[in-house]
Amino acid sequence: MDGTGSTDTPPVLILLGPPGAGKGTQARRLEERFGLVQLSTGDLLRAAVAAGTEAGRQAQAVMEAGGLVSDDIVLAILRDRLADPDTARGVILDGFPRTTAQAEALDALIAETGQTVDAAISLEVEDEAMVARVSGRFTCAGCGEGYHDAFKRPAQEGVCDGCGATAFKRRPDDTAETVRARLDAYHAETAPLAAFYDARGQLARVDAMGAIDDVTEALGALVAKARAA
Ligand code: AMP
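Residues numbered from 1 in each chain as written. Predicted model: local features only at pLDDT ≥ 70, side-chain atom pairs only at ≥ 80, totals over all residues. Heavy atoms only, no water.

**Structural notes on the overall build of the protein chain**
Just so we agree on the cut-off: In this description a helix means any DSSP run of H or I spanning at least four residues, a strand means any run of E spanning at least two, and both kinds are numbered starting from the N terminus. Burial classification: accessible surface area is computed with a 1.4 Å probe over protein chains only, and a residue below 20% of its type maximum counts as buried, one above 50% as exposed, and the rest as partly exposed. Two residues qualify as a contact provided that any one of their heavy atoms is within 4.5 Å of a heavy atom in the partner residue. Computed with the Shrake-Rupley method and a 1.4 Å probe, the accessible areas treat only the protein chains shown as cover for residues. None of His or the chain ends enter the tally, which takes Lys and Arg as positive and Asp and Glu as negative. Charge positions are represented by NZ for Lys, CZ for Arg, CG for Asp and CD for Glu.
Within the protein chain one finds 9 helices and 8 strands. A burial count over the protein chain gives 42% of its 229 residues as buried. Nonlocal contacts in the protein chain, meaning residues at least 24 apart in sequence, comprise 73% of its contacts between residues at least 6 apart. With an accessible surface of roughly 10,900 Å², the protein chain has 52% of that area assigned to carbon and sulfur atoms. Where the 23 positive side-chain charges of the protein chain centre and where its 35 negative ones centre are 3 Å apart.

See below:
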């Protein structure tokens with residue numbers, strides 16, 4: 001990888017991959033390990049929906065249908081979040097960019113602070129496995145720990161392993177039908193981004209079908225390498 005990111009400016013790393021590839025899970029782990037800030041436009045949009053803001057009201061129906069929210073809305077919430085001081089530690093973007101236009105907008109946004117993208121890492125998975133992964137997942141309402149109906153249930157039924165909370169949440173767009181729409185949007189709009197970053201020498205690919213810890217290991221090595229470049 002010969003990314004143009006410099007060690008003098010805070011790193012900007014991108015995780016690419018379809019819904020269910022593990023972007024959120026892995027971004028949280030990289031955040032802890034490298035002291036970066038995870039920035040998920042999906043989380044920011046869900047917070048806007050929950051808060052009932054104008055942007056949230058406009059985004060809600062599109063999200064529930066599995067489509068892409070307009071660039072105007074997504075870029076505005078991203079710009080706001082990047083203005084928070086903690087992002088000066090460096091960011092790991094999860095779920096953004098999702099289109100080539102967003103990738104170009106990201107370049108312009110971070111250029112304002114002299115930054116460039118350090119690396120885009122694509123989590124490589126198989127679509128059919130993603131439908132099963134996403135439609136069975138749920139999270140602890142207390143600490144956000146992720147679980148799955150078939151692959152990872154709490155050790156004690158109904159109690160979070162991490163914090164002991166007894167309330168759990170499911171995303172309204174994590175139904176099998178909506179996941180298929182989200183996968184279609186991914187292939188039509190987002191998958192071409194791999195070629196976009198590859199042409200700039202910034203793309204790395206990681207097999208993300210294996211165990212979560214193995215994927216974290218592979219990602220950690222790539223991030224360490226990108227930061228040293
Ligand atoms: P995610 O949490 O990344 O799976 O995103 C959930 C939903 O939020 C997506 O299905 C889209 O409707 C919307 N969304 C998240 N990020 C973006 C983005 N960068 N551009 C457009 N829509 C987005």
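Now that the structure has been shown, the text picks up again.
**Regarding the packing of helix α4 (residues 71-82) against helix α5 (residues 100-111)**
Here is the rule we go by: Inter-axis angles, ranging from 0 to 180 degrees, are taken between N-to-C directions of lines fitted to C-alpha atoms, where helices are fitted over the stretch in contact. Small angles under 35 degrees read as roughly parallel and large ones over 145 as roughly antiparallel, with 65 to 115 read as roughly perpendicular and the rest as oblique. Should the near helix be turned anticlockwise from the far one by less than a right angle, the crossing is left-handed, and should it be turned clockwise, the crossing is right-handed. Think of it as three bins: nonpolar holds Ala, Val, Leu, Ile, Met, Phe, Trp, Tyr, Cys and Pro, charged holds Asp, Glu, Lys and Arg, and polar takes everything else, Gly as well.
The geometry of α4 relative to α5 is characterised by a closest axis approach of 11 Å and an angle of 30° between their N-to-C directions. By the angle between their directions, the pair α4 and α5 is classed as roughly parallel. As for how α4 packs across α5, the hand of that crossing is right-handed. Where α4 abuts α5, its residues Asp71, Val74, Leu75, Leu78, Arg79 and Leu82 lie against Ala101, Gln102, Ala105 and Leu109. A breakdown of the residues in the contact of α4 with α5 according to their chemical character gives 7 nonpolar, 1 polar and 2 charged.

**As for the sheet that holds strand β3 (residues 91-94)**
The strands making up a sheet associate through backbone hydrogen bonding, with each pair oriented either parallel or antiparallel. Condition: At least two DSSP bridges between two strands are required for those strands to pair.
Taken together, the 5 strands give an open sheet; going across it, the order is β2-β3-β1-β4-β8, and neighbouring strands pair in parallel fashion. Strands at the two margins of the open sheet, each flanked by one partner only, are β2 (37-40) and β8 (203-207). Sheet twist, expressed as the average angle between the axes of neighbouring strands with direction ignored, equals 25°. Direction of pairing for β2 relative to β3: parallel, over a ladder of 4 bridges.

**Here we look at the packing of aromatic side chains**
Heads up, the condition is: Side-chain rings of Phe, Tyr and Trp (the six-membered ring for Trp) are treated as a pair once their centres are within 6.5 Å; stacked means planes under 30 degrees apart, edge-to-face means over 60, and tilted covers the remaining angles.
Inspection of every chain in the model, using the stated rule, returns 4 aromatic pairs. Each residue in the set Phe138, Tyr147 and Phe168 is aromatic and connected to the rest through ring pairs, giving one cluster.

**Regarding the nonpolar core**
How we decide: What makes a nonpolar core is a set of buried Ala, Val, Leu, Ile, Met, Phe, Trp, Tyr and Cys residues whose side-chain atoms join them at distances within 4.5 Å.
Membership of the largest hydrophobic core comes to 27 residues, with the highest contact counts inside it found for Ile14, Leu45, Leu93, Leu106 and Tyr197. For this core, the elements supplying multiple residues, two or more each, are β1 (12-16), β2, α3 (54-65), α4, β3, α5 and α8 (193-199). With residues near it in sequence (within four places) discarded, Leu93 still touches Val12, Leu13, Ile14, Leu15, Leu39, Leu78 and Leu106. Counting 25 residues, the second-largest nonpolar core is a separate cluster that includes Ile92, Val125, Val131 and Val134.

**Description of the sheet that holds strand β7 (residues 168-169)**
In space, the 3 strands of this open sheet follow the order β6-β5-β7, with antiparallel pairing throughout. Strands with a single pairing partner mark the edges of an open sheet, and in this sheet they are β6 (146-148) and β7. Taken together, the 3 bridges between strand β5 (residues 137-140) and β6 define a ladder with antiparallel strand orientation. Looking at β6, one finds that Phe138 is bridged to Tyr147.

**Some details on the environment of Ala48**
On the secondary structure map, Ala48 appears in helix α2 (residues 41-51). Accessibility expressed as a relative area gives 9% for Ala48, which makes it buried. C-alpha separation for the pair Ala48 and Ala228, spaced 180 residues apart in sequence, amounts to 36 Å.

**Description of the site of the ligand**
Counted only if it meets this: Here a residue is near a molecule or strand as soon as one of its heavy atoms is found within 4 Å of it. Counting of polar contacts relies on pairs of N or O atoms within 3.5 Å, with two restrictions inside protein: one atom must be capable of donating a hydrogen and the other of accepting it, and residues adjacent in sequence are counted only when both atoms are side-chain atoms.
Near the ligand you find 16 residues, and of these Thr41, Arg46, Gly67, Arg98 and Gln102 are the closest. Within the contact set of the ligand, a nitrogen atom lies 2.9 Å away from a side-chain nitrogen or oxygen of Gln102. When the free accessible area of the ligand is taken as 480 Å², the share hidden by the protein chains comes to 96%. When residues in the shell around the ligand are grouped by element, the largest group, 4 residues, is from α2. Residue composition of the shell around the ligand, grouped by class: 6 nonpolar, 5 polar and 5 charged.

**Some thoughts on the pattern of salt bridges**
In a structure, side chains of opposite charge can pair up when their charged atoms sit close to one another. Rules: By convention in these notes, a salt bridge is any Lys or Arg side-chain nitrogen within 4 Å of a carboxyl oxygen on Asp or Glu.
Scanning all chains against the criterion turns up 18 salt bridges. For the salt bridge of Arg29 with Asp213, the shortest nitrogen-to-oxygen distance reads 2.8 Å. A residue pair is termed long-range when its members are at least 10 positions apart, and Arg29 in helix α1 (residues 23-34) and Asp213 in helix α9 (residues 212-228) qualify at 184 residues. For Arg29, a relative accessible area of 31% corresponds to the partly exposed category. In this structure, Arg57 and Glu54 form a salt bridge, with 3.1 Å as the shortest nitrogen-oxygen distance. With Arg57 and Glu54 both in helix α3 and 3 residues apart, the pair spans about one turn of that helix. Here the salt bridges do not stand alone but share partners, grouping Arg137, Arg171, Asp173, Asp174 and Arg182 into one network.

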